[in-house]
Amino acid sequence: MHSKGRNIGIVCFFIVLAAVGCGEKKPKAAAAPVDFFPQQEKVDYSQIKVEAPPVAAPEAPKADTWATRVRDQVKTVHDDLLKCRNDFLIPFQFGRMRHRNVEFVSIQDMDETCYDGSPSKKTRGPWKILRAMSDEQMGKNSDLDRFLALATDSLEHYHILSVMTKKVGAPEIDIVTTTAQEARDRMIAAAGALDKAAEAIAKWPDGQQADDDPQVVGKPLDAATFKAQLLDTDGFFMTELASAYDRFANKSWIGYNMPKMHALRLWVAIPQKRLQVDRLRLAHVTADDKQKAEFKKYFDAVEAAGKAVAAGFDRYEKTPKDERSDKDPNRKAVDVAQQAALKIQAGWVKK
């Protein structure tokens, strides 16, 4: 009986053990292998329709007119002068120059940008372009005349600044530095009127005509319009005549400074060039005899003012510096001639 009971116990133990075993988790099935290069469905490219890209419209050819050629030349010169002003003139360190130090600036880069251009960069430089333009284009437009005159004024003063930077070994460094700074300051002072003229030229239409074009010369106009045009063209040069004479000649040769005769000659040549056309235009102006006489009187005054200035050329171009008297004997004649022209202009402005 005892033996039988033990056997029953053993059977029960295995039954319990089997029951426990039935509750264990089954191991996970192995994941299917990843196919990194799946077979892709073939594409029938013959069924794909792609529209052709639109054909770009050809650029319209640039007009080849007097206005477009001059406009491009003015922009080239003006861009150089802007870069010159911003990169070299405004930040120029005259305090260091006074201590004989010009290492803060590359004089070669400054000369190439402001004056000479660079053969290696294939740039002509503003001075060469301006000289050619002055010979060919003066007297053709009031804004252009002002640009030519003011740019020449600026570049002749730049030439002085450049020369002074190469004289830092001279004994009188204070005079060298003062001369350089006065030249730079004149360029800055002329910048506003120069920029204004350049901006006006940049707005020219392609068909802008020169004032000496036969169609313009023969265009009828009234006396009031003609007066306004003369004030806009000759008036600028007459108003500044005496100060220009001082700036370029009378006060422009003391110490290490030098006369600036290109600028002075151009200041006189522009009004003289315009006179040739304006005398012809007068025949197409609607005016009475008194008005026409007044116009002729003004033309004579402008011509006389030019001759008064030209009378001083030899003193600054041919007379050696050490033989010039301190007082210019021609200065009074320039002032008298200028006043004659300004008196007529003042009467026109009042009317």
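The structure presented is a predicted model; accordingly, all values stated were derived computationally and were not measured. What you see as residue numbers is a count from 1 along each chain, following the sequence as written. The predicted nature of this model means local features are confined to residues of pLDDT at least 70 and side-chain atom pairs, given and counted, to a pLDDT of 80 or more, with totals for whole chains, interfaces and linings taken over all residues. Heavy atoms from the whole structure form the basis of all side-chain values; hydrogens and water molecules are not counted.

Undergrad: Just to check I follow, could you spell out the environment of I160 for this structure?
TA: Strands here are runs of E lasting at least two residues and helices are runs of H or I lasting at least four, both read from the DSSP assignment and numbered beginning at the N terminus. Structurally, I160 can be placed in helix α6 (residues 142-165). With 24 residues separating them in the primary sequence, I160 and R184 have C-alpha atoms 8.7 Å apart. By definition in these notes, contact holds between two residues if any of their heavy atoms fall within 4.5 Å. Among residues more than four places away in sequence, those in contact with I160 are T179, A183, N257, M258 and K260.

Undergrad: What should I look at first to understand helix α4 (residues 107-116) in this one?
TA: Residues lying three or four places apart along an α-helix face the same way, a consequence of the helix completing one turn every 3.6 residues. For each residue, the accessible area found with a 1.4 Å probe, counting protein chains only, is set against the maximum for its type, and the residue is called buried under 20%, exposed over 50%, and partly exposed in between. Most of α4 sits out of view: seven of its ten residues are buried. Listed as buried for α4 are I107, M110, D111, E112, T113, C114 and Y115. Structurally, α4 contributes buried residues whose contacts are with α2 (66-89), α5 (126-137) and α6. Where α4 terminates, the next one or two residues include G117, which has phi positive at roughly 80°.

Undergrad: What exactly am I supposed to notice about the state of the cysteines here?
TA: Two cysteines whose sulfur atoms are joined by a covalent bond form what is called a disulfide. In this description, a disulfide is simply a cysteine sulfur pair whose atoms lie within 2.5 Å. Inspection of every chain in the model, using the stated rule, returns one disulfide. Residue C84 pairs covalently with C114 via a disulfide, S to S 2.1 Å. The S-S bond linking C84 to C114 shows a torsion near 100°; that makes this disulfide right-handed. Of this pair, C84 sits in helix α2 while C114 sits in helix α4, placing them 30 residues apart in sequence. The exposure classification of C84 matches that of C114, with both residues buried.

Undergrad: What should I look at first to understand the confidence of the model for the protein in this one?
TA: Interpreting fine coordinate detail is not advised for predicted regions of low pLDDT. Here pLDDT means the predictor's own confidence in every residue, given as a number from 0 to 100. Looking at the protein as a whole, the pLDDT averages 89, with 84% of positions reaching at least 70. Contacts of residues 14-23 to residues separated by more than four positions or lying in other chains number zero contacts, the stretch itself having pLDDT below 50.

Undergrad: Help me understand the pattern of salt bridges in this model?
TA: Side-chain pairs of opposite charge can arise whenever the charged atoms involved come near each other. Salt bridge, as used here, is a side-chain nitrogen of Lys or Arg placed within 4 Å of a carboxyl oxygen of Asp or Glu. Inspection of the entire model under this criterion finds 25 salt bridges. Between D64 and R69 there is a salt bridge, and its shortest N-O distance comes to 2.8 Å. Of the charged contacts in the structure, one is a salt bridge between R265 and E317, with a shortest N-O distance of 2.7 Å. Linking R265 in helix α11 (residues 261-281) with E317 in helix α13 (residues 313-317), this pair joins segments that are 52 residues apart in sequence. Given the relative accessible area of 36%, E317 is considered partly exposed. Linked through salt bridges whose partners overlap, the residues forming this network are R279, D300, E303 and K307.

Undergrad: Please explain the nonpolar core as it appears in this structure.
TA: Across soluble globular proteins, you tend to see nonpolar side chains buried next to one another. Ranked by size, the top nonpolar core spans 86 residues in total, and within it M97, L144, F147, Y158, F295 and Y298 carry the most contacts. For this core, the element with the most residues is α6, which contributes eleven residues. Once residues within four sequence positions are removed from consideration, Y158 is found in contact with C84, L89, M110, D111, C114, Y115 and M187. As used here, the term nonpolar core means buried Ala, Val, Leu, Ile, Met, Phe, Trp, Tyr and Cys residues forming a set that is joined through side-chain atoms within 4.5 Å.

Undergrad: Any chance you could explain the packing of aromatic side chains here in plain terms?
TA: Note on aromatic contacts: the rings of Phe and Tyr and the six-membered ring of Trp form a pair at centre separations within 6.5 Å, being stacked when their planes are under 30 degrees apart, edge-to-face when over 60 apart, and tilted otherwise. In total, this model carries 14 aromatic pairs according to the counting rule given. Both rings, one in F226 and one in F299, keep their centres 6.3 Å apart while their planes meet at 75°; by these two values the pair is edge-to-face. Of this pair, F226 sits in helix α9 (residues 223-239) while F299 sits in helix α12 (residues 289-310), placing them 73 residues apart in sequence. On the accessibility criterion, F226 (0% relative accessible area) is buried. Feature note: the residues F226, F295, Y298, F299 and W348 constitute an aromatic cluster, connected by ring pairs. Any Lys NZ or Arg CZ that is within 6 Å of a ring centre and within 35 degrees of that ring's normal is treated as a charge sitting over the ring. Stacked on the ring of F248, the Lys or Arg R247 has its end atom at 4.8 Å from the ring centre. Lying across the ring of W267, R247 places its NZ or CZ 5.7 Å from the centre.

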